[in-house]
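For reference, the chains in residue letters:
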Amino acid sequence: MAKPKPVQKARPLRILMAGGEALPFASSGGLGDVLGSLPAALKARLGDGVDVRVVMPLYGQVKPEWREKMTFIRAITVNLSWRQQYCGIFTLEKDGVTWYFIDNEFYFKRPTLYGCLDDGERFAFFSLAVLELMREVEFYPDVLHAHDWQSALSVIYLKRRYAQDPRYAGIRAVYTIHNIEYQGRYGFHILGDVFGLGEEERSVLEYDGDINLTKGAIVCCDRLTTVSRRYAEELRDAYFAHGLEHVTNRYAYKSTGIVNGIDTGYYNPAADPDICAAFDVDHLAGKAACKADLQQSLGLEVSPDTPMVAMITRLVAHKGLDLVRHVIDELLERRMQFVLLGTGEKEYEDFFRGLAARHPGKVAVVIDFNKPLSKRIYAGADLFLMPSKSEPCGLAQMIACRYGTLPIVRETGGLFDTIVPANPVTAEGNGVTFVTYNAHDMKDAVERSLGYYSDRTLWAQLVRNAMTADFSWNASAGNYESLYRDLL
Ligand code: GLC
């Protein structure tokens, strides 16, 4: 009798993600949230069926409490054209995910994560280190999943240089655009002198008179994704594509949109150490306490029934701040309070500081990037304004919903995908929306929201809809899984 064949356990799916920031280690925006939560969501979904690892720079900003948990693997030399640079590799495990940190203080001990004159060199170093790391730790993934321009070169190096080595040849590359506005554009000299790539690669990276990392990654990747379905469509349109529409159209056949989720454990009003009182959809007394606490600490009139409209945002133009600037004084003639938290371009910082000075007790402005305070605002406010000109996904509208704060959004990108406009007749919907990028359309949406707020029954239902909408990673992690499997 033939022996029964031993049951072959399916080999786990091997994924290596690379990106410029991830929570809780270092972050400056939404990418940090996504890279900080998607890997663990994949692990939670697939268990032993996945080996997911992430690599990011070891910035000076990474706190000692995390450094203490890291193990030093080894130091190698990364050759960036004629430069020979020290590269330390550190690792730690968290929630079933293996994290790698690329150390080089010259490149990564800076006051900010990005925005330095030598960003091209810093992230070329990082991207090359991603590929060298595979050899050092002997982890050749099925899929290299790179996020945004900071790791775009890892896709390009993989396909144009490393794929000749059989160990790298089978690796598929997924490239995700979180925001096409930031492309990584440099002069031609950078190709050879910094990236160490030959003239024959110029046509891959060249675009519109520059060396363009996003363009190169779009050309080289096996699959291109972006962070919502609507943004995937919008990216083919010159209005949204920041000059890359010819490329996004040409490669549309390999592109898809997968909307982000949020970490519903971290953003959980029922168990959030940063807010003063816990609450959930059936027990909203804590939300009222959070509102009073916020009003008091920000120097606003403590008034439970005055609707509070909040914004938490980077102060940059595409967030729709010009619309706000145009009509906010008119809006403030109504009974409402306005709270803004964020940092960014000086002209907006100055405008909002001035606004607070003109409306004491009614407007509070905090120019800062402050996670704990952001959660107190999500919890304490009633309405959350996001009038973005473009918004690839947007996480804040989902976080606001989770904390029972109704989003007012423009119908673009992920705002369109995640927010269902309120219908005052049927009491369906989880937010208030407007379509055209126009200040008075936004003003109208805010005024409609204030109207809904004053109807207690309608308002209670809309808050309930918002708080019970499912923004967990569950569905999206499944979509990424299918995408990876499709590639193999
Ligand atoms: C970028 C986008 C934002 C998105 C985030 C995470 O910050 O601007 O819309 O939510 O990336 O994908």
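Keep in mind it's a predicted model, so treat the numbers as computed, not measured.

### With respect to the overall build of the protein
Counting its secondary structure elements, the protein contains 21 helices and 18 strands. On C-alpha atoms alone, the protein measures out to a radius of gyration of 24 Å, which is about the 23 Å that the 2.2 N^0.38 rule sets for 488 residues. The C-alpha extent of the protein, read off along each of the three principal axes, is 70 × 65 × 45 Å. By the burial criterion, 59% of the 488 residues in the protein qualify as buried. The contacts of the protein with a sequence gap of at least 6 include a subset with a gap of at least 24, amounting to 71%. Entry remark: accessible area of the protein is about 19800 Å², with carbon and sulfur atoms responsible for 51%. Taking the average place of the 54 positive charges on the side chains of the protein and the average place of its 61 negative ones, the gap between the two points comes to 4 Å.

### Topic: the pattern of salt bridges
The full count for this structure, using the stated rule, is 35 salt bridges. The partner of aspartate 193 in a salt bridge is arginine 83, with the nearest N and O atoms 3.5 Å apart. In this pair, aspartate 193 sits in helix H7 (residues 190-193) while arginine 83 sits in strand E4 (residues 83-94), placing the two residues 110 residues apart along the sequence. Judged by its relative accessible area of 33%, aspartate 193 falls in the partly exposed class. Among the ionic pairs, arginine 223 bridges to aspartate 486, the shortest N-O distance being 3.8 Å. Here arginine 223 is found in strand E11 (residues 223-226), whereas its partner aspartate 486 is found in helix H21 (residues 474-487), with 263 residues between them in sequence.

### Concerning the site of the ligand
Around the ligand, the neighbouring residues are Gly30, Leu31, Val34, His178, Asn179, Val227, Asn260, Glu391, Pro392, Cys393, Gly394 and Leu395. Asparagine 260 is positioned with one of its side-chain polar atoms (N or O) 2.8 Å from an oxygen atom of the ligand. Residue proline 392 places a main-chain N or O atom 3.5 Å away from an oxygen atom belonging to the ligand. Its free accessible area being 310 Å², the ligand has 93% of it covered by the protein chains. Of the residues in the shell around the ligand, the class split is six nonpolar, five polar and one charged. Per-domain counts for the shell around the ligand show at least three residues from each of domain 1 (13-261 + 474-487) and domain 2 (285-468).

### So, the sheet that holds strand E12 (residues 255-257)
On the basis of which strands lie adjacent, the open sheet formed by nine strands has the order E3-E4-E5-E2-E1-E6-E7-E11-E12 and mixed pairing. The outermost strands of the open sheet, each flanked by one partner alone, are strand E3 (71-80) and E12. Averaged over all neighbouring strand pairs, the angle between strand axes comes to 25°, with direction disregarded. Note that strand E6 (residues 143-147) and strand E7 (residues 172-177) share five bridges and pair parallel. Considered in E7, the bridge of alanine 146 is made with tyrosine 175. With respect to the sheet, helix H5 (residues 152-160) is in contact with E3, E6 and E7, its orientation differing from that of E7 by roughly 155°.

### Remarks on the pairing of E4
Side-chain positions along a regular strand alternate between the two faces of the sheet. Both E3 and E4 contribute to a ladder of nine bridges, which runs antiparallel. Residue pairing across strands places asparagine 79 opposite glutamine 84, the latter belonging to E4. The loop that links E3 with its antiparallel partner E4 comprises two residues; one of these, serine 81, has a positive phi angle of about 55°. Inspection of the sheet shows E4 paired to strand E5 (residues 97-103) by seven bridges, in the antiparallel sense. Its bridge partner being in E5, isoleucine 89 is matched across the sheet by isoleucine 102. Connecting E4 to the next strand, E5, in antiparallel fashion are two residues, including aspartate 95 with a positive phi near 50°.

### Notes on the nonpolar core
Counting 176 residues, the largest nonpolar core has Tyr157, Tyr175, Phe195, Leu205, Phe338, Phe352 and Tyr484 as its most contacted members. Examining the composition of this core, we find that 10 residues originate from one element, helix H4 (residues 119-136), more than from any other. Split by domain, this core shows at least three residues from each of two domains, domain 1 (13-261 + 474-487) and domain 2 (285-468). In this view, phenylalanine 338 contacts Val309, Met311, Val324, Ile328, Leu332, Phe352, Leu355, Lys362, Val363 and Ala364; residues no more than four positions away in its chain are not counted.

### Regarding the domain arrangement of the protein
Taken domain by domain, the protein comprises domain 1 (13-261 + 474-487) and domain 2 (285-468). With 22 residues of domain 1 in contact, the opposing surface of domain 2 contributes 20 residues. Across the domain 1/domain 2 interface, buried area totals approximately 1500 Å², and carbon plus sulfur atoms make up 58% of it. Sorting the residues of domain 1 by area buried against domain 2 places Tyr182, Arg230 and Tyr239 first, and these three jointly supply 28% of that buried surface. Linking domain 1 with domain 2 are one salt bridge. Aspartate 33 is the partner of lysine 371 in a salt bridge, and the nearest nitrogen-oxygen pair spans 3.7 Å. Elements that contribute at least two residues to the side of domain 1 that touches domain 2 include exactly helix H1 (30-46), helix H10 (229-234) and helix H11 (238-241). For the side of domain 1 that touches domain 2, the per-class residue count stands at eight nonpolar, nine polar and five charged.

### Considering unusual backbone geometry
Each neighbour pair has its own omega, and for leucine 23 with proline 24 the value is 5°, a cis peptide bond. The backbone of serine 81 sits at a positive phi, close to 55°, despite the residue not being glycine. Within the secondary structure layout, serine 81 lies in the loop between E3 and E4. What makes serine 81 partly exposed here is its relative accessible area of 30%. Positioned with a positive phi, aspartate 95 is a non-glycine residue whose angle comes to about 50°. For aspartate 95, the position within the fold is in the loop between E4 and E5. Residue class for aspartate 95 comes out exposed when judged on its relative accessible area of 53%.

### What to know about the side chain of arginine 83
Residue classification places arginine 83 among the buried residues on the basis of a relative accessible area of 9%. Residue contacts for arginine 83: discarding those within four places in its chain leaves Val78, Tyr107, Glu121, Asp193 and Val194.

How each quantity is defined
Residues numbered from 1 in each chain as written. Predicted model: local features only at pLDDT ≥ 70, side-chain atom pairs only at ≥ 80, totals over all residues. Heavy atoms only, no water. Helix = DSSP H or I, 4+ residues; strand = E, 2+ residues; numbered from the N terminus. Rg over C-alpha atoms; globule rule 2.2 N^0.38 Å. Buried < 20%, exposed > 50% of the residue type's maximum accessible area, 1.4 Å probe, protein only. Contact = heavy atoms within 4.5 Å. Areas by Shrake-Rupley, 256 points an atom, 1.4 Å probe, with all protein chains shown as cover. Lys, Arg positive; Asp, Glu negative; His and termini not counted. Charge placed at Lys NZ, Arg CZ, Asp CG, Glu CD. Salt bridge = Lys/Arg side-chain N within 4 Å of Asp/Glu carboxyl O. Near = heavy atom within 4 Å. Polar contact = N/O pair within 3.5 Å; in protein donor to acceptor, adjacent residues only side chain to side chain. Nonpolar A, V, L, I, M, F, W, Y, C, P; charged D, E, K, R; others polar. Domains from an automatic or database assignment. Pairing = 2+ DSSP bridges. Axes fitted to C-alpha atoms, helices over the stretch in contact; angles between N-to-C directions. Core = buried A, V, L, I, M, F, W, Y, C linked by side-chain atoms within 4.5 Å. Buried area = accessible area lost by both parts, 1.4 Å probe.

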